[in-house]
Amino acid sequence: MVKLTMIARVTDGLPLAEGLDDGRDLKDIEIYKQQVKALFKNLTTRQNEPSRLSIETGPYVFHYIIEGRVCYLTMCDRSYPKKLAFQYLEDLKNEFERVNGAQIETAARPYAFIKFDTFIEKTKKLYQDTRTQRNIAKLNDELYEVHQIMTRNVQEVLGVGEKLDQVSEMSSRLTSESRIYADKARDLNRQALIRKWAPVAIVLGVVFLLFWVKTKIW
């Protein structure tokens, strides 16, 4: 599935538009957004970056297209077809150039074309289900090939920061340790209750037994 979509100007990394509903249900979304911003910043200083590239990051993949000094980027699940991801970006690029092409170079503030979010969300919905007849037809389109588009690792591209899988592993370990701590706390509370009420239960048991014996004798 398409998880995140951002558009930025390559010359200075200025973000131009973004899918406003992207990533709301996604864990660690801010980590991925920071990686995207770092990627945009890198593009401003590198002249020979490929115009189309896939970048693996944790359980996801960034796909981007650079054209007309604008970078169109999306983040998808690793299982999402690469071909559909780039066709999705092509649709965004064509519409963005048609509607905002004359204003891209003069945009002075971040997200100057925030209204483009409407088109992003509408187009994203068309690409979410890979099993629709429309998307199956796109996958079978032999005129659009993505085999030549390289795939690299986010650390290789950015060259800084921790690997996302290490962060995820640390998070999982902390969650596991918290669960163990909670289990131990419950056990200690249970033992404390037993120590507190066991003498009372024993006394009541003895009283009940004596009462029962007395009734049997009489």
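Residues numbered from 1 in each chain as written. Predicted model: local features only at pLDDT ≥ 70, side-chain atom pairs only at ≥ 80, totals over all residues. Heavy atoms only, no water.

> Give me the lowdown on the side chain of asparagine 100, citing residues and values where you can.
Relative to the helices and strands, asparagine 100 is located in helix α2 (residues 82-100). If we ignore the near neighbours within four places in the chain, the residues touching asparagine 100 are Phe113 and Phe116. (Helix = DSSP H or I, 4+ residues; strand = E, 2+ residues; numbered from the N terminus. Contact = heavy atoms within 4.5 Å.)

> Describe the sheet that holds strand β3 (residues 52-57), naming the residues involved and giving the relevant values.
The strands making up a sheet are joined through hydrogen bonds of the backbone, oriented either antiparallel or parallel. Judged by pairing direction, the sheet is mixed, and its six strands sit side by side in the order β2-β1-β5-β4-β3-β6 without closing on themselves. The outermost strands of the open sheet, each flanked by one partner alone, are β2 (15-18) and β6 (151-153). Shown here is a sheet whose adjacent strand axes are inclined to one another by a mean of 25 degrees, direction ignored. As paired strands, strand β4 (residues 60-67) and strand β5 (residues 70-77) are joined by eight bridges and run antiparallel to one another. Residue pairing in the sheet places glutamate 67 in a bridge with valine 70 of β5. Those strands touched by helix α1 (residues 29-45) are β1 (2-9), β2, β3, β4 and β5, and its axis lies near 30 degrees from that of β4. (Pairing = 2+ DSSP bridges. Axes fitted to C-alpha atoms, helices over the stretch in contact; angles between N-to-C directions.)

> Describe the confidence of the model for the protein chain, and please don't skip the residues or the numbers.
Residues of the protein chain with pLDDT of at least 70 account for 84%, and the chain-wide mean is 82. Below a pLDDT of 50 lies the segment residues 161-168, which in the model reaches eleven contacts outside its immediate sequence neighbourhood of four places, other chains included. (pLDDT = per-residue confidence, 0-100.)

> Which residues make up the side chain of lysine 124, and what values go with them?
Locating lysine 124 in the fold gives a position in helix α3 (residues 117-128). In this view, lysine 124 contacts Val2, Asp22 and Tyr88; residues no more than four positions away in its chain are not counted.

> Explain unusual backbone geometry residue by residue, including any values.
The phi torsion at arginine 69 lies on the positive side, around 65 degrees, for a residue other than glycine. Tracing the backbone shows arginine 69 in the loop between β4 and β5. Although it is not a glycine, tyrosine 111 adopts a positive phi angle of roughly 55 degrees. Checked against the element boundaries, tyrosine 111 lands in the loop between α2 and α3.

> With reference to specific residues and values, describe a nonpolar patch on the surface.
Where nonpolar side chains cluster on the molecular surface, the patch consists of Leu193, Trp197, Val200 and Leu204 and spans about 420 Å² of accessible area. Residue placement: valine 200 occurs in helix α6 (residues 164-217). Its relative accessible area of 38% is what places valine 200 among the partly exposed residues. (Patch = residues over 30% accessible without salt bridge, like charges linked within 9 Å, V, L, I, M, F, W, Y side chains within 5 Å. Areas by Shrake-Rupley, 256 points an atom, 1.4 Å probe, with all protein chains shown as cover. Salt bridge = Lys/Arg side-chain N within 4 Å of Asp/Glu carboxyl O. Buried < 20%, exposed > 50% of the residue type's maximum accessible area, 1.4 Å probe, protein only.)

> So what's going on with the packing of aromatic side chains? Which residues, and what values?
Counted under the stated rule, the structure contains six aromatic pairs. Judged by centre distance (5.9 Å) and plane angle (80 degrees), the rings of tyrosine 72 and phenylalanine 96 are edge-to-face. In this pair, tyrosine 72 is assigned in strand β5 and phenylalanine 96 in helix α2, connecting sequence segments 24 residues apart. When its relative accessible area of 0% is taken as the criterion, tyrosine 72 is described as buried. Residue class for phenylalanine 96 comes out buried when judged on its relative accessible area of 0%. An angle of 90 degrees between the planes, with centres 5.5 Å apart, marks the rings of phenylalanine 96 and phenylalanine 113 as edge-to-face. Taken together, the positions of phenylalanine 96 in helix α2 and phenylalanine 113 in the loop between α2 and α3 put the pair 17 residues apart, joining distant regions of the chain. Exposure remark for phenylalanine 113: the relative accessible area of 9% places this residue in the buried category. Within the aromatic cluster, the residues linked to one another by ring pairs are Tyr72, Phe96, Phe113, Phe116 and Phe119. (Phe/Tyr/Trp six-rings, centres within 6.5 Å; stacked < 30°, edge-to-face > 60°.)

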